[in-house]
Amino acid sequence: MTGWPTGLASPSWGGDYNPEQWPEHVWKQDVELMRRAGVNLVSVGIFAWARLEVADNRFDFGWLDQVLDLLHDGGIRVCLANATASPPPWLTGANPDLLPVRADGVRLSHGSRQEYCPTSPVYRDRAIALTEKIALRYGEHPALAAWHVNNEYGCHVSRCYCDRCAGVFRDWLRARYDLDGLNRAWGTDFWSQHYSSWDQVLPPRVTPTLPNPGQVLDFARFCSDALLDLFCAERDVLSELTPDVPVTTNFMANWTFKALNYWHWAAEVDFVSNDHYTRADDPERHIELALSADLVRGLSRGEPWLLMEQSTSAVNWQPRNFAKLAGEMRRNSYSHLARGADGTLFFQWRQSRAGAERFHSAMLPHAGEDTKVFREVTQVGEEYGRLAELVGSTVDAQVALVYDFESAWAAEQPAHPVAFDYYATVLGLYKALWQLGVTVDVVPPSADLTGYRLVVVPALYQVTDDEARWLEDYVRAGGHALVTWFSGIADENSRVRLGGYPGAFRDLLGVRVEEFFPLAEGDTAKLTGGLSASYWSELLHANGCEVVSSYVDGPLDGVPAVTRNVFGEGVAWYLATTLDADSAVTVLSDVLAGAGVTPIVSAPPGVEVVRRRGERISWLVAINHTGADVVLPVEGVELISGVDTAGGLPVPAGGVAVVREV
Ligand code: GAL
């Protein structure tokens, strides 16, 4: 983090503000209501290109001038968009080749949003010109706290397959391989795909059957880089013209999206911001939220980050858009805050009357102020005003969890032993750690693991030789690791590592796997020690490791499923199957105990507790996701109520607490 929105004393509270959807007389009322709701930061202008550049090179900034002045007069800071997220119809109409092309050759039309190809020079030039105009006009506006570039790059169009992108993809490849190298990396002797000249190389467009895995993987890398290049071009304009104003763009590091390698992106923003929406039909959605928040803190290298968007209640894009329960949005906000967010904002301030998102909740619903949603918004906004001292603090964690976007791109391709969802697999294991009350830092492969007692490595499908050595070195020097199935299978080009799975980690784990045995949908495998598993199993040989648990009956009767290997000064565990939730908790508690990791406080199941740490003081944030009141063995001052907690911290059913520890 090299910057933070300026002029904010307490955690940020607010949301996307789209005044262009409303007549002028509403704007004043908006500011008054925002003040009532404790709003201190709003994102303005994200989808306003068509209202700012009303025709080719004809601008109308008058309305935005007024809005920014009103917000400033109301004491509300602004994260101002450069407004490039959705090119206006006059631009796409005059330049149809600016529109992106799908893998099947269909060029997308105007009429929605994000309809641009990342390599279009016209789009880029016009986006840069608009960014310049906005920076020059508002760079010194007193309301300006930060720049919000574009919006959720890649959300709808993360890949464009047009001829121009094909050419830029070839240039990208040529910077990495000569033609022989490309043929080797992609294994093009399979199915007669050998390339004899560069102009034969294409993006992985629709083909009769399975595409080449190396080609798909490299195209995913290229597309992430192409969008990042666009972001950097927009950012550079802002950083040059207004070096003191921090720049961000909102990521989607969560269950809905994996198309960008955010480890690369995070290095390019002044502060990390993220959008998160819970999956309404998942009873454990608060645990997925926690994983996403930990991932974002990892992207921010442990520094505070900003939740740019969440929803106050229902969204409009899931199969059933359930409303949030009373108190749920508050708990969601505090979970993000606990895990390093120094502010939690929403899409959006005022619920739209027209347009595609009119049934998406907002801070101020269609039904107005006398609502559950607005009351809760006002409550949390007011509470955040009492939490100023937390701003800038970090989060304590003893466990690292490795997350790799490229393993998702490689392992989620078709024609694998089972259909595979990387994020869901990581989440499955994370849930056990969450249940055990352990806070986890999410890190990239090759991260500095100094200070972590345990590193958890779920389904790290592809690794370089250096990454394999990195994990070995950590364990050899005394670290503890837990590696799961489908790790170390392939190299960075998706070529299988030979000699038995998990190729890269056989020595570290002391195992050799000769064949995968996926389970049928709904089948359960019984294991010794009262454990059970599903989804995946493998024909594994212990090669010097200790067998912790083996299959009982079935095709793999007696075969090891959970192993533990002493390696150098450390210990490496292997999970060769997907343990069911309770079994995962059982095994993980042994792994944690062996590594000397303890929960932050002893709390009943379903009560989330995370510690934030400042220079001299620390705070515990507790979120009670259960239906029962609890009392936690914590001493200090509860900051929301101002009450001294000597004798125990009460956290009511569904409630939250923030304690400055003594
Ligand atoms: C985000 C987007 C917002 C809004 C929101 C609805 O992906 O950035 O503009 O569409 O989803 O949930």
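This is a predicted model, so every value here is computed, not measured. Per chain, residues are indexed from 1 in the order of the written sequence. In keeping with the predicted nature of the model, local features appear solely for residues at pLDDT of at least 70, side-chain atom pairs appear and are counted solely at 80 or more, and the whole-chain, interface and lining totals rest on all residues. The basis for every side-chain value is the complete set of non-hydrogen atoms in the structure, without hydrogens or water.

Secondary structure is summarised from DSSP: a helix means a run of H or I of at least four residues, a strand means a run of E of at least two, and numbering begins at the N terminus for each. Across its full length, the protein holds 17 helices and 30 strands. In terms of its C-alpha atoms, the protein occupies a principal-axis envelope of roughly 75 × 75 × 40 Å. Remark: exposure states derive from per-residue accessible area (1.4 Å probe, protein chains only) relative to the maximum for the residue type, with buried under 20%, exposed over 50%, and partly exposed in between. The buried share of the protein, reckoned over its 662 residues, is 60%. Any two residues having at least one pair of non-hydrogen atoms within 4.5 Å are treated as being in contact. Across the protein, contacts joining residues at least 24 apart in sequence account for 72% of those joining residues at least 6 apart.

All right, on to the sheet that holds strand β19 (residues 531–534) then. In spatial order, the strands read β18-β19-β24; together these three strands make up an open sheet with antiparallel pairing. Sheet topology places β18 (524–527) and β24 (578–579) at the edges, where each strand pairs with a single neighbour. Here four bridges tie β18 to β19, and the two strands are oriented antiparallel to one another. Each bridged residue has a counterpart across the sheet, and for L527 the counterpart in β19 is L531. For two strands to be treated as a pair, DSSP must find no fewer than two bridges joining them.

A cutoff of 4 Å decides nearness: a residue is near a molecule or strand if any of its heavy atoms lies inside that distance of it. F47, R113, N151, E152, D275, Y277, E309, W317, F347, E357 and H360 make up every residue found near the ligand. Polar contact is defined as a pair of N or O atoms within 3.5 Å, subject to the rule that within protein one atom must be able to donate a hydrogen and the other to accept it, and that residues adjacent in sequence are counted only when both atoms are side-chain atoms. In the model, an oxygen atom of the ligand is placed 2.9 Å from a nitrogen or oxygen of the W317 side chain. Here H360 contributes a side-chain N or O atom positioned 2.7 Å from an oxygen atom of the ligand. Residue exposure ignores everything except the shown protein chains as possible cover, and the areas themselves are Shrake-Rupley values with a 1.4 Å probe. Taken by itself the ligand offers 310 Å² of open surface, and the protein chains cover 95% of this. Partitioned by chemical class, the residues of the shell around the ligand number four nonpolar, two polar and five charged. In the scheme used here, Gly and all other residues not listed as nonpolar or charged are polar, with Ala, Val, Leu, Ile, Met, Phe, Trp, Tyr, Cys and Pro taken as nonpolar and Asp, Glu, Lys and Arg as charged.

A word on the domain arrangement of the protein. Once the domains are mapped, the protein shows domain 1 (12–161 + 223–388), domain 2 (399–595) and domain 3 (607–661). At the interface, 17 residues of domain 1 touch 14 residues of domain 3. Taken over both partners, the interface formed by domain 1 and domain 3 buries close to 1300 Å², and the fraction arising from carbon and sulfur atoms is 60%. The term buried area refers to how much accessible surface (probe radius 1.4 Å) is lost by two components on association, counted for both of them together. Among the residues domain 1 hides against domain 3, the three largest losses belong to R331, Y334 and A338. Together they make up 38% of the total. Basic side-chain nitrogens of Lys or Arg form a salt bridge, by our definition, when they fall within 4 Å of a carboxyl oxygen of Asp or Glu. Where domain 1 packs against domain 3, one counts two salt bridges. The partner of R612 in a salt bridge is D342, with the nearest N and O atoms 2.7 Å apart. An automatic or database domain assignment supplies the start and end points of every domain.

The next thing to look at is the packing of helix α5 (residues 121–138) against helix α8 (residues 213–241). Running from N to C, α5 and α8 point in directions that differ by 25°, and their axes come no closer than 9 Å. One way to sum up the angle between α5 and α8 is to call them roughly parallel. Crossing geometry of α5 relative to α8 is assigned as right-handed. Within the contact between the two elements, α5 uses Y123, R124, I128, T131, E132, A135 and L136 and α8 uses D229, L230, A233, E234, V237, L238 and L241. Among the residues forming the contact of α5 with α8, the class breakdown is nine nonpolar, one polar and four charged. Between the N-to-C directions of two axes lies an angle of 0 to 180 degrees, each axis being a line fitted to C-alpha atoms and, for a helix, fitted only over the stretch in contact. Note on angle classes: values under 35 degrees are labelled roughly parallel, values over 145 roughly antiparallel, values of 65 to 115 roughly perpendicular, and the remainder oblique. By the definition used in this description, the sense in which the near helix is turned from the far one sets the handedness, with an anticlockwise turn below a right angle giving left-handed and a clockwise turn giving right-handed.

Burial within strand β16 (residues 480–484) is extensive, with five of its five residues counted as buried. Going residue by residue along β16, you find H480, L482 and T484 tucked away on one face and A481 and V483 tucked away on the opposite face as well. The pairing of strand β15 (residues 454–457) with β16 spans four bridges and is classified as parallel. Considered in β16, the bridge of V456 is made with L482. Here is how to tell: hold the view so the strands point away, follow the path from the first strand over the helix to the second, and if it runs clockwise the crossover is right-handed. Crossover connection from β15 via helix α15 (residues 465–476) to parallel β16: handedness right-handed. In this structure, β16 lies alongside strand β23 (residues 570–575), joined through five bridges in parallel fashion. What sits directly across from A481, in β23, is A572.

The seven strands are arranged β14-β13-β15-β16-β23-β22-β21 in an open sheet whose pairing can be described as mixed. A single partner strand is all that each edge strand has here, and the edge strands are β14 (440–443) and β21 (546–550). Neighbour-to-neighbour, the strand axes of the sheet open up by a mean angle of 20°, direction not taken into account. In the sheet, strand β13 (residues 399–402) pairs with β15 via three bridges, with the strands oriented parallel. When the sheet's bridge partners are listed, V399 is paired in β15 with L454. Along the sheet, helix α14 (residues 422–435) contacts β13, β14, β15, β16 and β23; its crossing angle with β13, the most-contacted strand, is approximately 165°.

With that settled, the discussion passes to the side chain of R612. Relative to the elements of secondary structure, R612 occurs in strand β25 (residues 607–613). The exposure class of R612 is buried, given its relative accessible area of 0%. Polar side-chain contacts of R612 include one of 3.3 Å to the backbone oxygen of A341.

Two rings from Phe, Tyr or Trp (for Trp, the six-membered ring) form a pair when their centres sit within 6.5 Å of each other. Planes less than 30 degrees apart are called stacked, planes more than 60 degrees apart edge-to-face, and all others tilted. By the definition in use, this model includes 41 aromatic pairs. A centroid spacing of 5.0 Å and a plane angle of 65° characterise the contact between W13 and Y384, whose relative ring orientation is edge-to-face. Highlighted residues: W13 in strand β1 (residues 12–17) and Y384 in helix α12 (residues 372–384), separated in sequence by 371 residues. Like Y384, W13 is buried. When the ring of Y153 is compared with that of W265, the centres are 5.2 Å apart and the planes differ by 50°; the resulting orientation is tilted. Placement of the pair is Y153 in the loop between β6 (144–148) and α6 (163–174) and W265 in helix α9 (residues 262–266), with a sequence separation of 112 residues. An aromatic cluster is built from Y153, F231, F251, F257, Y262, W263, W265, Y403, F405, Y422 and Y423, whose rings are joined through pairwise contacts. Of note, R51 hangs over the ring of W63, and the distance from its end group to the ring centre comes to 5.5 Å. When the NZ atom of lysine or the CZ atom of arginine is within 6 Å of a ring's centre and also within 35 degrees of its normal, the charge is said to sit over that ring. It is R350 that lies over the ring of W22; its NZ or CZ is 5.3 Å from the centre.

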